[in-house]
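Chain residues, written in single-letter form:
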Amino acid sequence: MVKLRKFAAIDIGSNAVRMLVNNVIEFPDRETQFQKSALIRVPVRLGQDVFTAGKISDANISRMVDTMIAFRHLMKVHQVEKYMGCATSAMREAANGHEVTEKIKEASGIDIEIIDGKKEAAIIASTDLHELIDSDKNYLYVDVGGGSTEFTIFSKGEIVASRSFRIGTVRLLNEMIPDAYWGNVEKWVREHTGGYKNMIIIGSGGNINKLFKMSGRKPGTPLSYIYLNAQYHFLQELTYDQRIAELGLNPDRADVIIPATRIYLNSCKWSGARKIIVPKIGLSDGIVKLLYNQEMGQETLV
(Lines give C-alpha, C1' and ligand atoms only; values in the text may rest on other atoms or scores of the structure.)
Protein backbone atom coordinates (compact mmCIF):
# COMPACT_ATOMS: atom_id res chain seq x y z
CA MET A 1 0.00 0.00 0.00
CA VAL A 2 1.29 3.47 -0.93
CA LYS A 3 2.06 5.70 2.06
CA LEU A 4 2.23 9.51 1.88
CA ARG A 5 4.38 11.36 4.42
CA LYS A 6 5.37 15.02 4.66
CA PHE A 7 8.70 16.48 5.73
CA ALA A 8 9.79 20.12 5.83
CA ALA A 9 13.15 21.87 5.59
CA ILE A 10 13.84 25.41 6.77
CA ASP A 11 16.92 27.07 5.27
CA ILE A 12 17.98 30.38 6.81
CA GLY A 13 20.47 31.81 4.34
CA SER A 14 22.26 35.12 3.98
CA ASN A 15 19.95 36.43 1.24
CA ALA A 16 16.62 34.77 2.03
CA VAL A 17 14.74 32.37 4.30
CA ARG A 18 13.06 29.36 2.72
CA MET A 19 10.79 26.54 3.74
CA LEU A 20 10.42 23.47 1.53
CA VAL A 21 7.57 21.02 2.17
CA ASN A 22 8.09 17.67 0.47
CA ASN A 23 5.75 14.79 -0.17
CA VAL A 24 7.60 11.58 0.60
CA ILE A 25 5.77 8.74 -1.14
CA GLU A 26 6.63 5.22 0.02
CA PHE A 27 5.82 2.30 -2.27
CA PRO A 28 5.84 -1.38 -1.26
CA ASP A 29 7.69 -2.50 -4.38
CA ARG A 30 9.68 0.47 -5.68
CA GLU A 31 11.96 3.30 -4.59
CA THR A 32 10.59 6.08 -2.38
CA GLN A 33 9.73 9.27 -4.29
CA PHE A 34 10.33 12.84 -3.12
CA GLN A 35 8.06 15.50 -4.59
CA LYS A 36 7.94 19.22 -3.80
CA SER A 37 4.62 20.16 -2.24
CA ALA A 38 5.34 23.81 -1.42
CA LEU A 39 8.25 26.24 -1.38
CA ILE A 40 7.98 29.53 0.48
CA ARG A 41 10.74 32.11 0.15
CA VAL A 42 10.95 35.26 2.28
CA PRO A 43 13.58 37.88 1.29
CA VAL A 44 15.11 38.60 4.70
CA ARG A 45 18.68 39.62 3.83
CA LEU A 46 20.49 38.75 7.07
CA GLY A 47 23.88 38.99 5.36
CA GLN A 48 23.44 42.72 4.86
CA ASP A 49 23.31 43.10 8.65
CA VAL A 50 25.95 40.59 9.63
CA PHE A 51 28.63 41.23 7.02
CA THR A 52 28.52 45.00 7.59
CA ALA A 53 27.56 45.42 11.27
CA GLY A 54 28.48 42.04 12.78
CA LYS A 55 25.02 41.20 14.09
CA ILE A 56 21.38 40.83 13.07
CA SER A 57 19.34 44.02 13.44
CA ASP A 58 16.25 44.29 15.65
CA ALA A 59 14.13 44.86 12.53
CA ASN A 60 15.31 41.63 10.92
CA ILE A 61 14.99 39.70 14.18
CA SER A 62 11.35 40.75 14.24
CA ARG A 63 10.88 39.68 10.60
CA MET A 64 12.57 36.35 11.31
CA VAL A 65 10.30 35.66 14.28
CA ASP A 66 7.19 36.52 12.25
CA THR A 67 8.42 34.30 9.40
CA MET A 68 8.96 31.33 11.70
CA ILE A 69 5.52 31.74 13.30
CA ALA A 70 4.07 31.68 9.77
CA PHE A 71 6.15 28.60 8.91
CA ARG A 72 4.85 26.85 12.04
CA HIS A 73 1.24 27.44 10.93
CA LEU A 74 2.01 26.35 7.37
CA MET A 75 3.62 23.11 8.59
CA LYS A 76 0.50 22.43 10.65
CA VAL A 77 -1.91 22.86 7.72
CA HIS A 78 0.38 20.82 5.45
CA GLN A 79 0.40 18.09 8.14
CA VAL A 80 4.18 17.93 8.27
CA GLU A 81 5.32 15.10 10.54
CA LYS A 82 8.95 16.15 10.92
CA TYR A 83 11.07 19.19 10.10
CA MET A 84 14.61 20.45 10.42
CA GLY A 85 15.78 24.06 10.45
CA CYS A 86 19.31 25.03 9.47
CA ALA A 87 21.00 28.43 9.49
CA THR A 88 24.15 29.00 7.47
CA SER A 89 26.78 31.67 6.89
CA ALA A 90 25.09 34.85 8.18
CA MET A 91 23.72 33.32 11.36
CA ARG A 92 26.94 31.50 12.23
CA GLU A 93 28.92 34.73 11.93
CA ALA A 94 26.41 36.95 13.72
CA ALA A 95 27.44 37.97 17.24
CA ASN A 96 23.81 37.48 18.29
CA GLY A 97 23.09 34.37 16.18
CA HIS A 98 22.34 32.06 19.11
CA GLU A 99 20.29 34.77 20.80
CA VAL A 100 18.15 34.97 17.66
CA THR A 101 17.59 31.19 17.58
CA GLU A 102 16.45 31.35 21.22
CA LYS A 103 13.95 34.12 20.40
CA ILE A 104 12.66 32.10 17.45
CA LYS A 105 12.24 29.02 19.67
CA GLU A 106 10.43 31.00 22.36
CA ALA A 107 8.04 32.71 19.93
CA SER A 108 7.36 29.93 17.42
CA GLY A 109 8.50 26.66 18.96
CA ILE A 110 10.79 26.06 15.98
CA ASP A 111 14.32 24.79 16.63
CA ILE A 112 17.03 26.21 14.38
CA GLU A 113 20.50 24.65 14.20
CA ILE A 114 23.37 26.88 13.15
CA ILE A 115 25.54 24.61 10.99
CA ASP A 116 29.14 25.03 9.84
CA GLY A 117 30.29 25.02 6.23
CA LYS A 118 31.42 21.39 6.37
CA LYS A 119 28.02 20.13 7.51
CA GLU A 120 26.29 22.38 4.98
CA ALA A 121 28.31 20.82 2.15
CA ALA A 122 27.65 17.31 3.51
CA ILE A 123 23.88 17.88 3.67
CA ILE A 124 23.83 19.21 0.11
CA ALA A 125 25.85 16.20 -1.05
CA SER A 126 23.19 13.87 0.43
CA THR A 127 20.69 14.96 -2.24
CA ASP A 128 20.12 13.18 -5.53
CA LEU A 129 23.56 14.11 -6.84
CA HIS A 130 24.44 10.45 -7.28
CA GLU A 131 21.73 10.19 -9.94
CA LEU A 132 23.42 12.94 -11.97
CA ILE A 133 26.95 11.70 -11.65
CA ASP A 134 28.45 9.23 -14.13
CA SER A 135 31.23 7.11 -12.66
CA ASP A 136 33.45 7.76 -15.69
CA LYS A 137 33.22 11.59 -15.47
CA ASN A 138 34.61 14.29 -13.17
CA TYR A 139 32.52 17.00 -11.54
CA LEU A 140 32.91 20.17 -9.51
CA TYR A 141 29.75 20.85 -7.53
CA VAL A 142 29.36 24.58 -6.80
CA ASP A 143 26.65 25.83 -4.45
CA VAL A 144 26.59 29.63 -4.30
CA GLY A 145 24.88 31.34 -1.38
CA GLY A 146 24.71 34.84 -0.01
CA GLY A 147 27.53 34.35 2.47
CA SER A 148 29.47 31.30 1.33
CA THR A 149 30.13 28.97 -1.58
CA GLU A 150 30.54 25.22 -1.17
CA PHE A 151 32.80 23.32 -3.58
CA THR A 152 32.71 19.51 -3.83
CA ILE A 153 34.74 17.46 -6.31
CA PHE A 154 33.49 14.08 -7.53
CA SER A 155 35.53 11.52 -9.45
CA LYS A 156 34.55 7.92 -10.22
CA GLY A 157 31.27 8.59 -8.45
CA GLU A 158 32.93 9.46 -5.13
CA ILE A 159 33.66 12.69 -3.24
CA VAL A 160 37.39 13.35 -3.37
CA ALA A 161 37.49 16.86 -1.86
CA SER A 162 35.09 19.39 -0.34
CA ARG A 163 35.52 22.90 1.02
CA SER A 164 33.40 25.88 2.04
CA PHE A 165 34.69 29.39 1.35
CA ARG A 166 33.36 32.71 2.59
CA ILE A 167 32.64 34.12 -0.84
CA GLY A 168 28.97 34.82 -1.40
CA THR A 169 26.74 37.18 -3.32
CA VAL A 170 25.89 39.51 -0.42
CA ARG A 171 29.55 39.75 0.61
CA LEU A 172 30.51 40.59 -2.97
CA LEU A 173 27.82 43.26 -3.21
CA ASN A 174 29.37 44.88 -0.16
CA GLU A 175 32.88 44.54 -1.65
CA MET A 176 34.04 42.44 1.28
CA ILE A 177 36.17 39.87 -0.57
CA PRO A 178 39.87 40.83 -0.72
CA ASP A 179 41.85 39.83 -3.81
CA ALA A 180 44.03 37.63 -1.62
CA TYR A 181 41.00 35.60 -0.54
CA TRP A 182 39.91 35.15 -4.15
CA GLY A 183 43.45 33.89 -4.72
CA ASN A 184 43.03 31.29 -1.97
CA VAL A 185 39.82 30.01 -3.53
CA GLU A 186 41.39 29.87 -6.99
CA LYS A 187 44.41 27.99 -5.64
CA TRP A 188 42.23 25.38 -3.90
CA VAL A 189 40.02 24.78 -6.96
CA ARG A 190 42.98 24.57 -9.36
CA GLU A 191 44.94 22.22 -7.07
CA HIS A 192 42.03 19.87 -6.50
CA THR A 193 40.72 19.79 -10.06
CA GLY A 194 44.07 19.91 -11.87
CA GLY A 195 44.51 16.14 -11.99
CA TYR A 196 41.14 15.51 -13.64
CA LYS A 197 40.21 15.89 -17.29
CA ASN A 198 36.97 17.15 -18.81
CA MET A 199 35.61 18.63 -15.60
CA ILE A 200 31.87 19.37 -15.56
CA ILE A 201 30.30 21.82 -13.10
CA ILE A 202 27.07 21.05 -11.28
CA GLY A 203 25.63 24.37 -10.15
CA SER A 204 23.05 24.92 -7.44
CA GLY A 205 21.46 27.91 -5.76
CA GLY A 206 18.67 30.32 -6.61
CA ASN A 207 20.76 32.42 -8.99
CA ILE A 208 21.95 29.63 -11.26
CA ASN A 209 18.40 28.24 -11.31
CA LYS A 210 17.17 31.66 -12.44
CA LEU A 211 19.91 31.90 -15.10
CA PHE A 212 18.93 28.48 -16.38
CA LYS A 213 15.24 29.43 -16.50
CA MET A 214 16.11 32.63 -18.39
CA SER A 215 18.03 30.58 -20.96
CA GLY A 216 14.86 28.77 -22.06
CA ARG A 217 16.73 25.45 -22.21
CA LYS A 218 15.00 22.15 -21.56
CA PRO A 219 15.62 20.52 -18.16
CA GLY A 220 18.76 18.40 -18.26
CA THR A 221 20.42 20.52 -20.95
CA PRO A 222 23.67 22.08 -19.68
CA LEU A 223 24.58 25.75 -19.87
CA SER A 224 27.78 26.52 -21.73
CA TYR A 225 30.57 28.73 -20.41
CA ILE A 226 30.18 30.91 -23.51
CA TYR A 227 26.46 31.45 -22.81
CA LEU A 228 27.06 32.22 -19.14
CA ASN A 229 29.82 34.70 -19.96
CA ALA A 230 27.60 36.48 -22.50
CA GLN A 231 24.75 36.60 -19.98
CA TYR A 232 27.09 38.06 -17.36
CA HIS A 233 28.02 40.97 -19.62
CA PHE A 234 24.40 41.45 -20.67
CA LEU A 235 23.25 41.70 -17.03
CA GLN A 236 26.02 44.17 -16.25
CA GLU A 237 24.87 46.46 -19.06
CA LEU A 238 21.39 46.74 -17.52
CA THR A 239 20.61 48.91 -14.52
CA TYR A 240 19.14 47.40 -11.38
CA ASP A 241 15.72 48.81 -12.30
CA GLN A 242 15.97 47.42 -15.84
CA ARG A 243 16.74 43.94 -14.53
CA ILE A 244 13.52 44.10 -12.54
CA ALA A 245 11.33 45.75 -15.21
CA GLU A 246 12.63 44.07 -18.36
CA LEU A 247 13.77 40.66 -17.09
CA GLY A 248 11.14 40.25 -14.38
CA LEU A 249 13.68 39.57 -11.64
CA ASN A 250 12.66 39.93 -8.00
CA PRO A 251 14.20 43.00 -6.32
CA ASP A 252 16.30 40.80 -4.02
CA ARG A 253 17.49 38.74 -7.00
CA ALA A 254 18.26 41.58 -9.42
CA ASP A 255 21.45 42.61 -7.60
CA VAL A 256 22.90 39.32 -6.36
CA ILE A 257 22.57 37.51 -9.71
CA ILE A 258 25.63 39.34 -11.09
CA PRO A 259 28.13 38.38 -8.35
CA ALA A 260 26.70 34.84 -8.40
CA THR A 261 27.39 34.58 -12.13
CA ARG A 262 30.92 35.82 -11.51
CA ILE A 263 31.52 32.97 -9.03
CA TYR A 264 30.28 30.35 -11.51
CA LEU A 265 32.39 31.83 -14.31
CA ASN A 266 35.50 31.79 -12.13
CA SER A 267 34.75 28.19 -11.15
CA CYS A 268 34.70 27.32 -14.86
CA LYS A 269 37.99 29.12 -15.52
CA TRP A 270 39.82 27.58 -12.57
CA SER A 271 38.60 24.02 -13.19
CA GLY A 272 38.70 24.10 -16.99
CA ALA A 273 34.99 23.22 -17.16
CA ARG A 274 33.08 24.38 -20.22
CA LYS A 275 29.56 23.39 -19.28
CA ILE A 276 27.31 23.60 -16.22
CA ILE A 277 24.56 21.16 -15.30
CA VAL A 278 21.77 22.83 -13.30
CA PRO A 279 19.60 20.41 -11.32
CA LYS A 280 17.05 21.88 -8.92
CA ILE A 281 18.70 20.73 -5.72
CA GLY A 282 20.15 22.48 -2.70
CA LEU A 283 20.35 22.57 1.06
CA SER A 284 16.58 22.24 1.57
CA ASP A 285 16.44 19.08 -0.56
CA GLY A 286 19.38 17.66 1.37
CA ILE A 287 17.68 18.37 4.71
CA VAL A 288 14.57 16.45 3.64
CA LYS A 289 16.68 13.47 2.52
CA LEU A 290 18.62 13.58 5.80
CA LEU A 291 15.39 13.64 7.83
CA TYR A 292 14.02 10.67 5.93
CA ASN A 293 17.26 8.70 6.25
CA GLN A 294 17.30 9.37 10.00
CA GLU A 295 13.71 8.15 10.22
CA MET A 296 14.65 4.96 8.36
CA GLY A 297 17.79 4.44 10.47
CA GLN A 298 20.09 5.32 7.58
CA GLU A 299 21.56 8.64 8.71
CA THR A 300 24.47 9.59 6.49
CA LEU A 301 26.04 12.46 8.44
CA VAL A 302 28.37 12.14 11.42
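Residues numbered from 1 in each chain as written. Predicted model: local features only at pLDDT ≥ 70, side-chain atom pairs only at ≥ 80, totals over all residues. Heavy atoms only, no water.

Engineer: Would you mind showing me how to read the packing of helix H9 (residues 206–215) against helix H10 (residues 225–237) here?
Structural biologist: In helix packing, the relevant descriptors are the interaxial angle and the interaxial distance, both defined with respect to the helix axes. At a minimum axis separation of 12 Å, H9 and H10 run at an interaxial angle of 100 degrees. It follows that H9 is roughly perpendicular to H10 by the angle criterion. Contacts from Ile208, Leu211, Met214 and Ser215 of H9 reach H10 at Tyr227, Leu228, Gln231 and Leu235. Taken together, the residues of the contact of H9 with H10 sort by class into six nonpolar, two polar and no charged. (Axes fitted to C-alpha atoms, helices over the stretch in contact; angles between N-to-C directions. Helix = DSSP H or I, 4+ residues; strand = E, 2+ residues; numbered from the N terminus. Parallel < 35°, antiparallel > 145°, perpendicular 65-115°, else oblique. Contact = heavy atoms within 4.5 Å. Nonpolar A, V, L, I, M, F, W, Y, C, P; charged D, E, K, R; others polar.)

Engineer: I tried to follow the sheet that holds strand S7 (residues 149–155) on my own but got confused; where do I start?
Structural biologist: The pairing of strands in a sheet comes from backbone hydrogen bonds and takes either a parallel or an antiparallel form. Within the open sheet, the six strands sit side by side as S8-S7-S6-S9-S11-S10. Their pairing is mixed. Every interior strand has two partners, whereas the edge strands, strand S8 (158–165) and strand S10 (223–224), have only one. Sheet analysis places strand S6 (residues 138–144) next to strand S9 (residues 199–204), joined by six bridges and oriented parallel. Across the sheet, the residue bridging to Asp143 is Ser204, located in S9. (Pairing = 2+ DSSP bridges.)

Engineer: Looking at this model, I keep getting lost on the side chain of Asp49. Mind explaining?
Structural biologist: Along the chain, Asp49 turns up in helix H1 (residues 46–53). Discounting residues that sit within four places of it in the chain, Asp49 has contacts with Gly54, Lys55, Ile56, Ser57 and Asn60.

Engineer: Could you clarify how one ought to interpret the packing of aromatic side chains in this entry?
Structural biologist: The geometry of two aromatic rings is summed up by the distance between their centres and the angle between their planes. Counting across every chain of the model gives seven aromatic pairs. Centroid distance Phe34 to Tyr292: 5.4 Å. Interplanar angle 90 degrees. Geometry classified as edge-to-face. Taken together, the residues span a long stretch of sequence, with Phe34 in strand S3 (residues 33–42) and Tyr292 in helix H13 (residues 283–295) at a distance of 258 residues. Residue classification places Tyr292 among the buried residues on the basis of a relative accessible area of 7%. When the centroid spacing of 6.0 Å and the interplanar angle of 65 degrees are considered together, the rings of Trp182 and Trp270 count as edge-to-face. Of this pair, Trp182 sits in helix H8 (residues 179–193) while Trp270 sits in helix H12 (residues 257–271), placing them 88 residues apart in sequence. Relative accessible area serves as the criterion here: at 8%, Trp182 is assigned to the buried category. Among the residues examined, Trp270 registers a relative accessible area of 9% and is labelled buried. Feature note: the residues Phe151, Phe165, Tyr181 and Trp188 constitute an aromatic cluster, connected by ring pairs. Seen from the ring of Phe27, Arg30 lies directly overhead, with NZ or CZ sitting 4.5 Å from the centre. If you follow Lys289 out to its NZ or CZ, it ends over the ring of Phe34, 4.5 Å from the centre. (Phe/Tyr/Trp six-rings, centres within 6.5 Å; stacked < 30°, edge-to-face > 60°. Buried < 20%, exposed > 50% of the residue type's maximum accessible area, 1.4 Å probe, protein only. Lys NZ or Arg CZ within 6 Å of the ring centre and 35° of its normal.)

Engineer: Explanation requested: the nonpolar core in the structure shown.
Structural biologist: Ranked by internal contacts, the top residues of the largest apolar core, which has 38 residues, are Leu140, Phe151, Ile167, Leu223, Leu228 and Ile276. Sorting the residues of this core by element identifies S6, S7, S8, H8, S9, H9, H10 and H12 as the ones contributing at least two each. Looking at this core element by element, the count peaks at eight residues for H12. Ignoring sequence-local partners within four residues, the contact set of Ile276 consists of Ile201, Gly203, Pro222, Leu223, Leu228, Tyr264 and Cys268. Grouped together as the second largest cluster of nonpolar side chains are 28 residues, Met68, Met75, Val80 and Ile110 included. (Core = buried A, V, L, I, M, F, W, Y, C linked by side-chain atoms within 4.5 Å.)

Engineer: Is there a simple way to think about the pairing of strand S4 (residues 82–87) in this case?
Structural biologist: Look at any regular strand and the pattern is simple: side chains alternate between the two faces of the sheet. In the sheet, strand S1 (residues 3–12) pairs with S4 via six bridges, with the strands oriented parallel. Bridge pairing in S4 links Ile12 to Ala87. As judged from the two bridges shared by S4 and strand S5 (residues 113–114), these two strands associate in the parallel manner. Within S5, the residue paired with Cys86 across the bridge is Glu113.

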